[in-house]
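# Coordinate inspection notes
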Amino acid sequence: MERFLAELALFAPAVVFNVYFAAASVPLGFVMAVFLALGKNSANPLISRLSRGYIYAFRGSPLFIQFFMVYSLALSFNVSLWKPMGISWFVLHPLFIGPLVLVLNTAAYTAEIFYGALRAVPRGEIEAARAYGMSQRQQFRHVIWPNLIRLAWPAYTNEVVFLFHATAIVYFALPVIGQQKDLMITAKELFERDYNAFLHFSVAALYFLAVSLVVFFLFGLVYQRLMRHMPAAPGMRFAPKWIR
Amino acid sequence: MMDDIAFWLGYLTNGKHLTWYASFQFTIFAALAGGGLAVVFGLIGATLKNSRFWPLRLIGSIYSSIVRGVPDVLFFLFFPLAFEQGVEWLMATQLCTPETLAAQSAAWPPCKDANWFLGTPEYLILASVSLGLVYGAFATNVIHGALRSVPKGQLEAARAYGMSARQVLWRIHIRQMWIYALPGLSNVWMLIVKATSLLSLLQIADIVLWADRLGAPNFLPTVGLVHEDWRWRYYLVLFVFYILVTLVSERAFGALMRRAGRGILSEAR
């Protein structure tokens, strides 16, 4: 038991890195996803094609490869670009590259969710808004967006938890600098020291589980707030489909 | 011009590149074996979840929620290591004597005789099993839902014909379940394909590891610098490879769904 508590304390600094990676990429990914979803729905064939291609490419390839690709690209520009500008310590830092790739990745997945929700916005409401003489901007602000975010929220919650789980592979693709280790690297190093797979990996799993539950809880609160006008809230599903 | 073509032909068919091409077999094997096992574990899990005996139902629910509650990478690393240690512990109970136990200085294995050396084939099989276990939990949910979407009338009709419970299950229920399960299973398959990129974490010299080795700056004392850091090009090739696999899988599942949907009312699709 004491050993278990000591283990919990060992992992506490590590979970900060996972939370950082997820927290740093969620807001930007959200904004980018809204534009990508609107782009995919756009009437302009060029914009639509580009957004569609981007979403397909980043949903159709492994995050692990995306990490390697972006990192090696950044490395190859090092001598010609980052070094002379004196920012290579920043651009090549895992704490920058990690969120960057996660943003690119989660934007594609989230955009697909938002696009699905955008298609599900009731036609009648948009027609009514147009009949009131609302401009495009007003339609989006007052009719489409409120519908979209309520439709997409449960699936978006899953995506955020999945993104948090995806932070587990960041340091398998990027270099570990000093003591900046996330949960998986900590578990792996402890395992290599005393070969106790059951203890170390279970504690890491517990941390992942705990943070996932917190995310579910917080996003559930937001969902309740979003749905406060509804007579009987359908309630957030706490065992939702995890497929993405 | 001819020199260029000759160089590229020679470069792309040198020994290391041929090994790289050959290493695609690991990825393909892991994907196919993992996919097959995922369906098997999914069927088992869904049967447990549907069981009338509550402890079995509990096991099914715990399986499908716990494995999905932690990252796939964690389980992917944990299962092979834990399995290896389990086997070594079993060996230790048989092979170790007090003398060899005392002679062992490292933390693991308990004694030198109880060391199980894992090569690429063993790790590949363990990786496939852990892929099957992780994504079997996803498949459990898909199949569980699909089993419940089969129209009740079909099962009642089968029972009215005098079929036994087993016959109803295998001939009617599971037969008709596929059309509802295929869209979800296609998603699970895409996840498995993407997860095969993680094989190099288990010391398997797969396509990712070789891409890294081949792309690293290549210096030969006799020729000088063959190429600088080309890693991003190799990773770009893998990026495109995985997108193509996704594209082909999508087409294949589309065809499969059309085929499975023959003779079933279109509301199912």
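Look up a bit, the structure's there.
### So, the overall build of chain B
- Within chain B, the regular secondary structure consists of 11 helices and 2 strands.
- When the helices and strands of chain B are listed from N to C terminus, the series reads α-α-α-α-α-α-α-α-α-α-β-β-α.
- Taking 269 residues into account, the globule formula puts the C-alpha radius of gyration at 18 Å, and chain B, at 24 Å, lies well above it.
- Counting only C-alpha atoms and orienting by the principal axes, one finds that chain B spans roughly 80 × 70 × 25 Å.
- Within chain B, contacts between residues separated by at least 24 positions form 71% of all contacts whose residues are at least 6 apart in sequence.
- By element, 66% of the accessible surface of chain B is carried by carbon and sulfur atoms, the whole surface being about 14500 Å².
- Where the 21 positive side-chain charges of chain B centre and where its 15 negative ones centre are 20 Å apart.

### Examining the pairing of strand β2 (residues 224-227) of chain B
Residue and element names in this part refer to chain B.
- Where strand β1 (residues 218-220) lies against β2, 3 bridges are found, and the strand directions are antiparallel. Bridging from a neighbouring strand, Leu220 pairs with Gly224 of β2.
- The loop that links β1 with its antiparallel partner β2 comprises 3 residues.

### Quick word on the packing of helix α1 (residues 2-40) of chain A against helix α8 (residues 136-166) of chain A
All names here are of chain A.
- Between α1 and α8, the shortest axis-to-axis distance is 11 Å and the interhelical angle comes to 145 degrees. Note that α1 runs across α8; the crossing there is right-handed. Here α1 contributes Asn18, Val19, Ala22, Ser25, Val26, Phe30, Val34 and Leu38 to the contact with α8, which in turn contributes Phe140, Trp145, Ile149, Tyr156, Val160, Leu163 and Phe164.
- Partitioning the contact of α1 with α8 into residue classes produces 13 nonpolar, 2 polar and no charged.

### Section: the interface of chain B and chain A
- In this complex, chain B contributes 35 residues to the contact, which on the side of chain A involves 40 residues.
- Regarding the contact of chain B and chain A, the summed buried area is about 3500 Å², with carbon and sulfur atoms giving 78% of it.
- For the chain B face of the interface with chain A, the top three residues by lost area are B:Leu74, B:Lys194 and B:Phe239, together amounting to 17%.
- At the junction of chain B and chain A, the tally comes to 0 salt bridges.
- Across the contact surface, chain B and chain A share 5 residue pairs in polar contact (both at pLDDT 80 or more).
- Only α4 (54-69), α5 (72-95), α9 (165-195) and α11 (231-260) of chain B provide two or more residues apiece to the side of chain B that touches chain A.
- Here the element with the most residues in the side of chain B that touches chain A is α11(B); it accounts for 11 residues.

### Description of the pattern of salt bridges
- Counted by the stated rule, this structure contains 6 salt bridges over all chains.
- Across the salt bridge formed by A:Arg3 and A:Asp194, the nearest N and O atoms sit 3.1 Å from each other. Linking A:Arg3 in helix α1 with A:Asp194 in helix α10 (residues 183-194), this pair joins segments that are 191 residues apart in sequence.
- Judged by its relative accessible area of 27%, A:Asp194 falls in the partly exposed class.
- Via salt bridges that share partners, B:Asp212, B:Asp229 and B:Arg231 belong to a single interconnected network.

### Quick word on the packing of aromatic side chains
- In total, this model carries 37 aromatic pairs over all chains according to the counting rule given.
- Relative to A:Phe96, the ring of A:Phe90 has its centre 4.8 Å away and its plane inclined at 40 degrees; by these criteria the two rings are tilted.
- On the basis of relative accessibility, which here comes to 40%, the residue A:Phe90 falls in the partly exposed class.
- Summarising the aromatic geometry, the rings of B:Phe7 and B:Trp8 are spaced 5.3 Å apart at their centres and angled 75 degrees between planes, so their arrangement reads as edge-to-face.
- Aromatic rings pair up to connect A:Phe30, A:Phe114, A:Phe140, A:Trp145, A:Trp153, A:Tyr156 and A:Phe219 into one cluster.

### Description of the nonpolar core
- In this structure, A:Phe67, A:Phe114, A:Phe172, A:Phe201, B:Trp20, B:Tyr135 and B:Leu238 are the most contacted members of the largest nonpolar core, which totals 150 residues.
- For B:Leu238, the contacting residues outside a window of four places in its chain are A:Ile65, B:Trp20, B:Phe24, B:Ile207, B:Val208 and B:Ala211.

Calculation criteria
- Note on numbering: residues in each chain are counted from 1, in written sequence order.
- Written order determines the labels here, with chains lettered from A and ligands numbered from 1.
- Whole-chain, interface and lining totals are the exception, using all residues; otherwise, since this is a predicted model, local features are given only for residues with pLDDT of at least 70 and side-chain atom pairs are given and counted only at 80 or more.
- To get the side-chain values, take all heavy atoms of the structure and skip hydrogens and water.
- A run of DSSP states H or I qualifies as a helix once it reaches four residues; a run of E qualifies as a strand once it reaches two. Both are numbered from the N-terminal end.
- Radius of gyration: over C-alpha atoms. The globule rule applied is 2.2 Å multiplied by the number of residues raised to the 0.38 power.
- Whether two residues touch is decided by their heavy atoms; if any such pair falls within 4.5 Å, the residues are in contact.
- Computed with a 1.4 Å probe, the accessible areas rest on the Shrake-Rupley method; for each residue, only the protein chains presented here act as cover.
- All tallies of charge rest on Lys and Arg as positive and Asp and Glu as negative; His and the ends of each chain are not included.
- We put the charge of a Lys on NZ, of an Arg on CZ, of an Asp on CG and of a Glu on CD.
- A pair of strands is labelled paired if DSSP reports no fewer than 2 bridges between them.
- In this analysis an axis means a line fitted to C-alpha atoms, helices contributing only their contacting stretch, and an angle means the value between N-to-C directions, from 0 to 180 degrees.
- Note: crossing handedness is left-handed where the near helix turns anticlockwise from the far helix by less than a right angle, and right-handed where it turns clockwise.
- Lys, Arg, Asp and Glu make up the charged group, whereas Ala, Val, Leu, Ile, Met, Phe, Trp, Tyr, Cys and Pro make up the nonpolar group; the residues left over, Gly among them, are polar.
- By buried area we mean how much accessible surface two parts lose on assembly, using a 1.4 Å probe and totalling the loss over both.
- Whenever Lys or Arg places a side-chain nitrogen within 4 Å of a carboxyl oxygen from Asp or Glu, that contact is recorded as a salt bridge.
- Here a polar contact means two N or O atoms within 3.5 Å. Within protein one must be a hydrogen donor candidate and the other an acceptor candidate, and residues neighboring in sequence count only if both atoms are side-chain atoms.
- In this scheme, a residue with accessible area under 20% of its type's maximum is buried, one over 50% is exposed, and one in between is partly exposed, where area comes from a 1.4 Å probe on protein chains only.
- Centres within 6.5 Å are what make two rings of Phe, Tyr or Trp a pair, Trp counting through its six-membered ring; a difference in plane orientation under 30 degrees is then read as stacked, over 60 as edge-to-face, and the rest as tilted.
- Residue types Ala, Val, Leu, Ile, Met, Phe, Trp, Tyr and Cys, when buried and joined through side-chain atoms within 4.5 Å, form a set referred to as a nonpolar core.

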